[in-house]
Amino acid sequence: DTAVSQTPKYLVTQMGNDKSIKCEQNLGHDTMYWYKQDSKKFLKIMFSYNNKELIINETVPNRFSPKSPDKAHLNLHINSLELGDSAVYFCASSETRSNQPQHFGDGTRLSIL
Amino acid sequence: SQQGEEDPQALSIQEGENATMNCSYKTSINNLQWYRQNSGRGLVHLILIRSNEREKHSGRLRVTLDTSKKSSSLLITASRAADTASYFCAYSGNTPLVFGKGTRLSVIA
């Protein structure tokens, strides 16, 4: 059973489009995260939700909007995609906040044409 | 930037040899964690060491932590081709986990 699953795995789209990435975890964890990994493998946190409540919102353009319908799901919607948004986006979860081990999905590779 | 630094950036060894990777960080921490990332996959948690611990073992992995030097090392003994991956340290004080830049390990059979 996949613990943290995100879809789609690949996303190729034109500049200016709007797209969504979905994430689900079946671990019963309270906290979920979105990370962005650039071409140099640098991993940066974008958002974190704890029990559907936003607890971390790093300096991310407001074109990025997370939504957590329940504590098992954290989706990421991106408006007006730009070339610089090309990256791999990872969803992760942990039992409680911040400093506990995190479980990662396999990533969504977003390519902007 | 609070980002940690791993050293070396890349490491290539023969199967059976030991691999050592180092991580330096800049803040006070509650714990430090090591993760592995295989190509095209997500990060996998390997081991967590608390700030009051100095050494921890898990199978072929040995992690040390020196809080006075703000550094940690990950030793993989008797490496295998399957250990080929990127390895990241991640640490947390009162902030979310901060990940280092990673060490790319290649184990040649």
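Further up the page is the structure itself.
## What about the side chain of glutamine 6 of chain A?
Residue and element names in this part refer to chain A. By the secondary structure assignment, glutamine 6 is in strand E1 (residues 4–7). Of note is the side chain of glutamine 6, whose polar atom sits 2.8 Å from the backbone oxygen of tyrosine 89. Side-chain polar atoms of glutamine 6 contact the backbone nitrogen of glycine 107, separated by 3.2 Å. Here glutamine 6 is in contact with Ile21, Lys22, Cys23, Trp34, Tyr89, Phe90, Cys91, Gly105, Asp106, Gly107 and Thr108, once residues within four sequence places are set aside.

## A look at the sheet that holds strand E6 (residues 55–58) of chain B
Two orientations exist for strands paired in a sheet by backbone hydrogen bonds: parallel and antiparallel. Residue and element names in this part refer to chain B. Strand order in the open sheet made by the five strands is E1-E3-E8-E7-E6, with antiparallel pairing throughout. Unpaired on one side and paired on the other, strand E1 (5–7) and E6 mark the two borders of the sheet. Across the sheet, the mean angle separating the axes of adjacent strands is 15 degrees when strand polarity is ignored. As paired strands, strand E3 (residues 19–24) and strand E8 (residues 71–76) are joined by six bridges and run antiparallel to one another. Across the sheet, the residue bridging to serine 24 is serine 71, located in E8.

## Some remarks on the interface of chain A and chain B
Tallying the contact residues gives 17 residues for chain A and 19 residues for chain B. Both faces considered, chain A and chain B share a buried interface measuring about 1,500 Å² in area, 54% of it formed by carbon and sulfur atoms. Summed over the shared surface of chain A and chain B, the number is one salt bridge. Across the salt bridge formed by arginine 41 of chain B and aspartate 106 of chain A, the nearest N and O atoms sit 3.0 Å from each other. The interface formed by chain A and chain B contains six residue pairs in polar contact (both at pLDDT 80 or more).

## Here we look at the pairing of strand E9 (residues 87–94) of chain A
Residues and elements named next belong to chain A. For E9, a buried count of eight out of eight residues is recorded, marking the element as mostly surrounded by other parts of the structure. Along E9, one buried face is formed by Ala87, Tyr89, Cys91 and Ser93 and the opposite face, lined by Val88, Phe90, Ala92 and Ser94, is buried too. Examined bridge by bridge, strand E4 (residues 31–37) and E9 share seven bridges and lie antiparallel to one another. For tryptophan 34, the partnering residue across the bridge sits in E9 and is cysteine 91. In this structure, E9 lies alongside strand E10 (residues 103–104), joined through two bridges in antiparallel fashion. Residue pairing across strands places alanine 92 opposite phenylalanine 104, the latter belonging to E10.

## Some points on the side chain of histidine 29 of chain A
Mapped onto the elements, histidine 29 of chain A comes out in the loop between strand E3 (19–25) and E4. Using a relative accessible area of 6% as the deciding quantity, one classes histidine 29 of chain A as buried.

## Examining the packing of aromatic side chains
The geometry of two aromatic rings is summed up by the distance between their centres and the angle between their planes. Throughout the structure, instances matching the rule amount to nine aromatic pairs over all chains. Residues tyrosine 35 of chain A and phenylalanine 104 of chain A carry aromatic rings whose centres are separated by 5.4 Å and whose planes lie at 35 degrees to one another, so their mutual orientation is tilted. With a gap of 69 residues between them, tyrosine 35 of chain A in strand E4 and phenylalanine 104 of chain A in strand E10 connect regions that are remote in the sequence. Pair check on accessibility: tyrosine 35 of chain A and phenylalanine 104 of chain A agree, each one buried. Centroid distance phenylalanine 104 of chain A to phenylalanine 99 of chain B: 6.0 Å. Interplanar angle 85 degrees. Geometry classified as edge-to-face.

So, how was this worked out
- Each chain has its residues counted from 1, following the order in which its sequence is written.
- In the order they appear in the text, chains get letters beginning with A and ligands get numbers beginning with 1.
- With pLDDT at 70 or above as the cut-off, local features in this predicted model cover only qualifying residues; side-chain atom pairs require 80 or more to be listed or tallied, and sums for whole chains, interfaces and linings still use all residues.
- Processing note: side-chain calculations cover all non-hydrogen atoms of the structure and skip hydrogens and water entirely.
- Think of it this way: any DSSP run of H or I at least four residues long counts as a helix, any run of E at least two long counts as a strand, and we number them from the N terminus.
- Think of a polar contact as two N or O atoms within 3.5 Å of one another; within protein, one of them needs to be a possible hydrogen donor and the other a possible acceptor, and neighboring residues in sequence only count if both atoms come from side chains.
- By definition in these notes, contact holds between two residues if any of their heavy atoms fall within 4.5 Å.
- Following DSSP output, two strands are said to pair if at least two bridges run between them.
- The axes used here are C-alpha line fits, helices contributing only the stretch in contact, and every angle between their N-to-C directions lies in the interval 0 to 180 degrees.
- What gets called buried area is simply the loss in accessible area from a 1.4 Å probe that two parts show on being joined, summed for both.
- Salt bridge, as used here, is a side-chain nitrogen of Lys or Arg placed within 4 Å of a carboxyl oxygen of Asp or Glu.
- Burial classes follow relative accessibility: with a 1.4 Å probe on protein chains only, a residue under 20% of its type's maximum area counts as buried, one over 50% as exposed, and anything between as partly exposed.
- Here is the rule: rings of Phe, Tyr and Trp (six-membered ring for Trp) pair when centre to centre is within 6.5 Å. Planes less than 30 degrees apart are stacked, more than 60 are edge-to-face, and the remainder are tilted.

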